[in-house]
Amino acid sequence: MPSEPCNVVVLLSGSGSNLQALIDSCRAADAPLRIVAVVSNRADAYGLQRAEAAGIASVVLDHTQFDGREAFDAALMARIDGFAPDLVVLAGFMRILSGEFVRHYQGRLLNIHPSLLPRYKGLHTHRRALEAGDAEHGCSVHFVTEELDGGPLVVQAVVPVLPDDTVQSLAQRVHHQEHQVYPLAVHWFAQGRLRLGEQGALLDDQPLPASGHMIRP
Ligand code: GRF
């Protein structure tokens, strides 16, 4: 395990329940990571209050104040890099990132998505899974590449779809699993166990399956 803790910057736009799960996962004195900053593109994101309550530095960078995606992403990179992160964690950051941004953080940029990728890239994943009559749904942690929601998978948690599920009830159960698998993946990275290789994600130097490490109920 690396001797220095892994510096993590978390990017979000909303509630930040995944940030909270990460905060809660590094309470132990010997935690392999420390969250050095939270960056939001929205000043009203509740995740900023979670950061403040945990004594974590936060930055608001309002994308509407920039002239286009490239200008915003350049400013975002400058702010993130000011914290010298080893890992950047997207936790409900509702912005499509430019190729330049993604390449800059290649191999040290993780995202969580509320579906069993490659199913249901993009938005409204719970509704789409219900409408398709899927028996299973879930969430995925993946390395970010230039393909939207398409980078190598690290871990997926499967959630059964119940006959009387609504979008809300299904979303709630998926969210609960997100709070388990995101800290797991981030801790693997911080422990030096997880990395992005030429062909995909590696755990303990072994290639992960294309679906990532699967967690079933
Ligand atoms: C989660 O559903 C995550 O999968 C998606 O954005 C949502 C963020 O939720 N990328 P929260 O802000 O962490 O509660």
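Use the structure listed above.
Thresholds applied
Residues numbered from 1 in each chain as written. Predicted model: local features only at pLDDT ≥ 70, side-chain atom pairs only at ≥ 80, totals over all residues. Heavy atoms only, no water. Near = heavy atom within 4 Å. Polar contact = N/O pair within 3.5 Å; in protein donor to acceptor, adjacent residues only side chain to side chain. Areas by Shrake-Rupley, 256 points an atom, 1.4 Å probe, with all protein chains shown as cover. 1 Å grid on protein atoms, 1.4 Å probe; cavity = no way out; pocket = protein on both sides within 12 Å on 5 of 7 lines; lining within 4 Å. Sits in = over half its atoms within 2 Å of the grid points. Helix = DSSP H or I, 4+ residues; strand = E, 2+ residues; numbered from the N terminus. Nonpolar A, V, L, I, M, F, W, Y, C, P; charged D, E, K, R; others polar. Buried < 20%, exposed > 50% of the residue type's maximum accessible area, 1.4 Å probe, protein only. Pairing = 2+ DSSP bridges. Phe/Tyr/Trp six-rings, centres within 6.5 Å; stacked < 30°, edge-to-face > 60°.

> Run through the site of the ligand, naming residues and quoting values.
With respect to spatial proximity, the complete set of residues near the ligand consists of Ser-15, Gly-16, Ser-17, Asn-18, Gly-92, Ile-112, His-113, Pro-114, His-175 and Glu-178. Here an oxygen atom of the ligand sits 2.7 Å away from a polar atom, N or O, in the main chain of Gly-16. In the model, an oxygen atom of the ligand is placed 2.5 Å from a nitrogen or oxygen of the Ser-17 side chain. Protein contacts shield 84% of the accessible area of the ligand, which totals 370 Å² for the unbound molecule. Among the cavities detected, the one that contains the ligand is the largest pocket. Secondary-structure elements contributing two or more residues to the shell around the ligand are helix 1 (17-25), strand 5 (109-113) and helix 6 (167-190). Grouping the amino acids of the shell around the ligand by side-chain chemistry returns two nonpolar, seven polar and one charged.

> Got a sec to walk through the pairing of strand 6 (residues 136-143)? Specific residues and values, please.
Burial analysis of strand 6 places seven of its eight residues in the buried class, the great majority of the element. As judged from the four bridges shared by strand 5 and strand 6, these two strands associate in the antiparallel manner. When the sheet's bridge partners are listed, Ile-112 is paired in strand 6 with Val-141. As defined by bridge partners, strand 6 adjoins strand 7 (residues 153-160) across seven bridges and the pair is classed as antiparallel. Bridge pairing in strand 7 places Ser-140 opposite Gln-156.

> How would you summarise the packing of aromatic side chains if you had to cite specific residues and measurements?
Following the criterion strictly, the structure yields two aromatic pairs and no others. Centre to centre, the rings of Phe-66 and Phe-72 are 5.5 Å apart; their planes meet at 70°, and the pair counts as edge-to-face. Ring centres of Phe-101 and Tyr-105 lie 4.8 Å apart, and the angle between their planes is 55°; this geometry places the pair in the tilted category. Take Tyr-105: its relative accessible area is 0%, and that puts it in the buried class.

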